[in-house]
Amino acid sequence: MSRSAHPAGPRHADVLPEGHYSAPPADLNALDPKVWAQTVTRDEDGVVTVGGIPVTRLAEEYGTPAYVLDEADFRARARAWRTAFGADADVFYAGKAFLSRAVVRWLHEEGLNVDVCSGGELATALSAGMPADRIAFHGNNKSVDEITRAVEAGVGHIVLDSFQEIVRVAHIAQSLGKRQKVLIRITVGVEAHTHEFIATAHEDQKFGIPLAGGQAAEAVRRALQLDGLELVGIHSHIGSQIFDMSGFEVAAHRVVSLLKAVRDEHGVELPEIDLGGGLGIAYTSDDDPREPHEIAKALTEIVTRECEAAKLRTPRISVEPGRAIVGPTAFTLYEVGTIKPLDGLRTYVSVDGGMSDNIRTALYDAEYSVALVSRTSDAEPMLARVVGKHCESGDIVVKDAFLPSDLAPGDLIAVPATGAYCRSMASNYNHVLRPPVVAVDGGEARVIVRRETEEDLLRLDVG
């Protein structure tokens, strides 16, 4: 539920009343496998390791803060999605969650496609060798240059987001002597149970063409009439961080109803349906996400049932997991700095990063877990708020968590499930340098996105 922002910043002086927060866990040293990457464990000295490498060594070699990504976990999750949907469906990794050339290569090797939503994401995917026909291009306001590059490259699909874009893409494709495959993104009027900023299927928002009022049907009419376009299907995305499949059921029913109307009016059965992504992950132990095979079974049954009822051939299904693949594979490693106890309230634990490397807590009211990772502790738990080094009272990384009361400056703590959107949405607020992404696998670590330097900052400042 949305809340009015305090004029001094989100959640300014927001103190949880006694008893509102959960009780401390029985063991502060335990690592819940629901929220940590698959190879994360503690060694015999109590130091957390990932891919066989202690976090203390990673901190010494690469510095903090750093995003640490478990490559084996990423690949395993990608394979699980590919296997769950099989050869008769397409899995497009949502590049906006996190994209780098190394990630694109992993996706290519594991048999996934990729969707992009900007010229920069498109350039990254192409430069890393992803075949253009396995790329889908999203976005509510694609520029002429972006569309031109996409059509020239031969991307597999462009997802049309407005009436103006229907004409724009058709004109560009025709001028290049091409016929571009397209999907029309519609808003189906389904209210996903998520934060208002990441719910995307209700009518009052910027994405898609509303199904209500016949607008989506009119978009189909126009697309079918234009020589530069080959309309192959309908796209629907109802939101993000969703655990309840009922929204997908309602969305599929409405999308299939549109497909039936298209067949009845135009004699055309569109061969594809893209149900988007948005499936949730576990940020805390309270979250209970579904496994890919459960999601695949549910979505396939829903679409098949709806198409049988409408006497339509079942179209090829596409899905777009991003967060569900990369989110759990990474954690952010921080060094503890200032520790400030506030009697009767909580202890503020300041780290060497903050909202510049994870804006989601401030932006979405997101919840995270946190753990002491450079050692174990038998100290009593203390209610803590992990905050950053930025000049904002809303610079919060983890709102409320329990950490050992003997936590000290120089300790390393880590926030799991930060693989999605944290690096993608990172900024240089206060001219803080964006952290590196360090991939680990089989006892080896390598930088796949390097840490920014002051030279990088100043190079852009032309004076």
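Here the structure is shown first, and the text comes after it.
Residues numbered from 1 in each chain as written. Predicted model: local features only at pLDDT ≥ 70, side-chain atom pairs only at ≥ 80, totals over all residues. Heavy atoms only, no water.

Chemist: Go over the sheet that holds strand β3 (residues 53-54), please, and point to the residues and values.
Modeler: Spatially, three strands are ordered β1-β2-β3 in an open sheet, and the strand pairing comes out antiparallel. Pairing within the sheet leaves two strands with one partner each, and these edge strands are β1 (41-42) and β3. The pairing of β1 with strand β2 (residues 48-50) spans two bridges and is classified as antiparallel. Considered in β2, the bridge of Thr-41 is made with Thr-49. (Pairing = 2+ DSSP bridges. Helix = DSSP H or I, 4+ residues; strand = E, 2+ residues; numbered from the N terminus.)

Chemist: Report on the nonpolar core, specifying residues and quantitative values.
Modeler: Within the largest apolar cluster, 110 residues are counted, with the highest numbers of intra-cluster contacts made by Tyr-93, Ile-158, Ile-184 and Ile-413. Setting aside residues up to four positions removed in sequence, Ile-184 forms contacts with Leu-160, Ile-209, Ala-219, Val-220, Ala-223, Leu-231, Gly-233, Ile-234 and His-235. (Core = buried A, V, L, I, M, F, W, Y, C linked by side-chain atoms within 4.5 Å. Buried < 20%, exposed > 50% of the residue type's maximum accessible area, 1.4 Å probe, protein only. Contact = heavy atoms within 4.5 Å.)

Chemist: Kindly report on the packing of aromatic side chains, identifying the contributing residues and their values.
Modeler: Counted according to the given criterion, the structure contains five aromatic pairs. Centroid distance Trp-81 to Phe-85: 6.0 Å. Interplanar angle 5 degrees. Geometry classified as stacked. Taken together, the positions of Trp-81 and Phe-85, both in helix α2 (residues 71-85) and four residues apart, correspond to about one turn of that helix. Judged by relative accessible area, which is 9%, Phe-85 ranks as buried. For the ring pair Tyr-283 and Tyr-368, a centre distance of 5.2 Å and an interplane angle of 80 degrees mean the geometry is edge-to-face. Placement of the pair is Tyr-283 in the loop between β12 (272-274) and α9 (292-310) and Tyr-368 in the loop between α11 (360-364) and β16 (371-372), with a sequence separation of 85 residues. By the burial criterion, Tyr-283 is buried, and Tyr-368 matches it. Aromatic ring contacts, followed pair by pair, group Phe-74, Tyr-93 and Trp-106 into a single cluster. (Phe/Tyr/Trp six-rings, centres within 6.5 Å; stacked < 30°, edge-to-face > 60°.)

Chemist: Which residues make up the side chain of Asp-395, and what values go with them?
Modeler: Along the chain, the position of Asp-395 falls in the loop between β17 (381-387) and β18 (396-404). Given a relative accessible area of 1%, Asp-395 falls into the buried group. Here Lys-389 takes part through its backbone nitrogen, which lies 3.1 Å from a polar atom of the side chain of Asp-395. (Polar contact = N/O pair within 3.5 Å; in protein donor to acceptor, adjacent residues only side chain to side chain.)

Chemist: Requested: an account of the pattern of salt bridges, with residues and values cited.
Modeler: Oppositely charged side chains can form a pair if their charged atoms are brought close together. For the coordinates displayed, the defined rule picks out 24 salt bridges. Between Glu-71 and Arg-75 there is a salt bridge; the shortest N-O distance is 3.0 Å. Residue Glu-71 and its partner Arg-75 are both found in helix α2; the two are separated by four residues, about one turn of the helix. For the residue pair Glu-71 and Arg-75, the accessibility class agrees, reading buried in each case. For Lys-399, the salt bridge is made with Asp-365, and the minimal N-O distance between the two is 3.0 Å. (Salt bridge = Lys/Arg side-chain N within 4 Å of Asp/Glu carboxyl O.)

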